[in-house]
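Tertiary structure, described
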Amino acid sequence: MNKTSQKRGFNALKVGSIWLFLLLLMAALSLVAVSVGSAGYSVGEILHAVFSGEESTIKVIIFNLRLPRLLLALLIGASLSASGALLQSVMRNPLADPGTIGVSAGAGTAATTILLLFPHLTNSVPIFAFGGAALACALIYTLAWKGGIDPVRIILSGVAINSVLSAYNSLLQLLNSDSLEGVLAFMNGSLSGRSWQQVKVLAVYAGIGLVLSFACIKSANTLQLGDEMAKSLGVKVSLSRVCLSAVSAFLAAATVSVAGMIGFVGLVVPHISRILVGSDYKAMLPTSVLLGADILLIADTVGRTIVPGMEIPVGIVMAVTGGPFFLYMLRKKGSVRGNQS
């Protein structure tokens, strides 16, 4: 066996071990998530309630409140992480994510508009959120187009769009201050009060988006080589960027429509994944999906248990923890890119 084969075998073993660890961690975190809360239950009580076949308060709380929330946290974390990973490939910038370039803002603006001005269309929020994200993407690419699409111009256009949409959201909230209760929870990113209906909706959208994101692995890897190299390999660079951005916007919009604005997941998780398994999307993207699910579940569990009798929205928890990590990456950008593979 030559050195190259040995290295590949080691990398496969390393990546497989990380995936197994993340899956086991997910199982452990899920057990903790259904156990803790305003009323805590032991593992024995949970297992008895689940498998006894009898109706009980514990069973109602687990199946109607905690389990839907747990599944939503896993789906949202996985979706936002995949969305951020794809955008970072498009921009060739490890500091890009749906929140920083305006994609999430587009989805959030559309959803906020529906919630405040057209509440009778609330059930259609996922569709409008994707439309808002797609429109934001279209505006960003239109502004960034100048004989081609340059990643730097995309980021600068995204920041401008993000700023304008944030101002619109603030104005909309100011003009509808009497109807802000639900919108404030939405803007802070919360899983409180979510039910199986939201799980079913997000499972469909996230399932489609994640399948599409895995189908984009080859394109994501190719874009990392640079435009000239990608073109020499016969890749239509601009078309690839548009397709990857569309998948990323779809995933971000799906999460925004259900849980509101949750930042930093799509920024932090792919970065950690690169450090763990390198930059090859064949390993990095699945790692991001698993790690993102774990991290958001941790954040949601901490948010609803850290202060007795009070719930901190998961979006705030992620902002408090993700913000310092973002600053760390800005200072150490050159040394935390992960191994190139």
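Residues numbered from 1 in each chain as written. Predicted model: local features only at pLDDT ≥ 70, side-chain atom pairs only at ≥ 80, totals over all residues. Heavy atoms only, no water.

The next thing to look at is the packing of helix α2 (residues 43-51) against helix α3 (residues 57-91). Two elements in contact, α2 and α3, have axes separated by 9 Å at closest approach and are oriented at 85°. Judged by the angle between their axes, α2 and α3 are roughly perpendicular. On the side of α2, the interface is formed by Glu45, Ile46, Ala49 and Val50, while α3 contributes Ile58, Lys59, Ile62 and Phe63. Among the residues forming the contact of α2 with α3, the class breakdown is 6 nonpolar, no polar and 2 charged. (Axes fitted to C-alpha atoms, helices over the stretch in contact; angles between N-to-C directions. Helix = DSSP H or I, 4+ residues; strand = E, 2+ residues; numbered from the N terminus. Parallel < 35°, antiparallel > 145°, perpendicular 65-115°, else oblique. Contact = heavy atoms within 4.5 Å. Nonpolar A, V, L, I, M, F, W, Y, C, P; charged D, E, K, R; others polar.)

To continue, consider the side chain of Thr255. Its location among the elements puts Thr255 in helix α11 (residues 237-259). On the accessibility criterion, Thr255 (2% relative accessible area) is buried. If we ignore the near neighbours within four places in the chain, the residues touching Thr255 are Ile76, Ser79, Leu80, Leu202 and Gly260. (Buried < 20%, exposed > 50% of the residue type's maximum accessible area, 1.4 Å probe, protein only.)

Glancing now at unusual backbone geometry. Even without a glycine there, the phi angle at Phe264 is positive, about 75°. Counting through the fold element by element, Phe264 comes out in the loop between α11 and α12 (265-277).

Turning our attention to the nonpolar core. Counting 84 residues, the largest nonpolar core has Ile76, Val103 and Ile262 as the members making the most contacts within it. Ignoring anything within four residues of it in the chain, the contact list for Ile76 reads Leu191, Leu202, Thr255, Ala259, Ile262 and Leu296. (Core = buried A, V, L, I, M, F, W, Y, C linked by side-chain atoms within 4.5 Å.)

Residues at a pLDDT of 70 or more form 92% of the protein chain, whose mean pLDDT is 84. Here helix α7 (residues 181-188) is the element of the protein chain with the lowest mean pLDDT, 75, and helix α13 (residues 281-305) is the one with the highest, 95. Throughout residues 335-341 the model reports pLDDT below 50, and contacts reaching past four residues in sequence, or to other chains, amount to 15 contacts. (pLDDT = per-residue confidence, 0-100.)

Let us look at the pattern of salt bridges. Scanning all chains against the criterion turns up 2 salt bridges. One salt bridge connects Arg69 with Glu311, and the closest N-O pair in it is separated by 2.7 Å. A residue pair is termed long-range when its members are at least 10 positions apart, and Arg69 in helix α3 and Glu311 in the loop between α13 and α14 (314-331) qualify at 242 residues. A residue is classified by how much of its surface remains accessible, and Glu311, at 30% relative accessible area, is partly exposed. Through salt bridges with shared partners, a single ionic network connects Arg69, Asp300 and Glu311. (Salt bridge = Lys/Arg side-chain N within 4 Å of Asp/Glu carboxyl O.)

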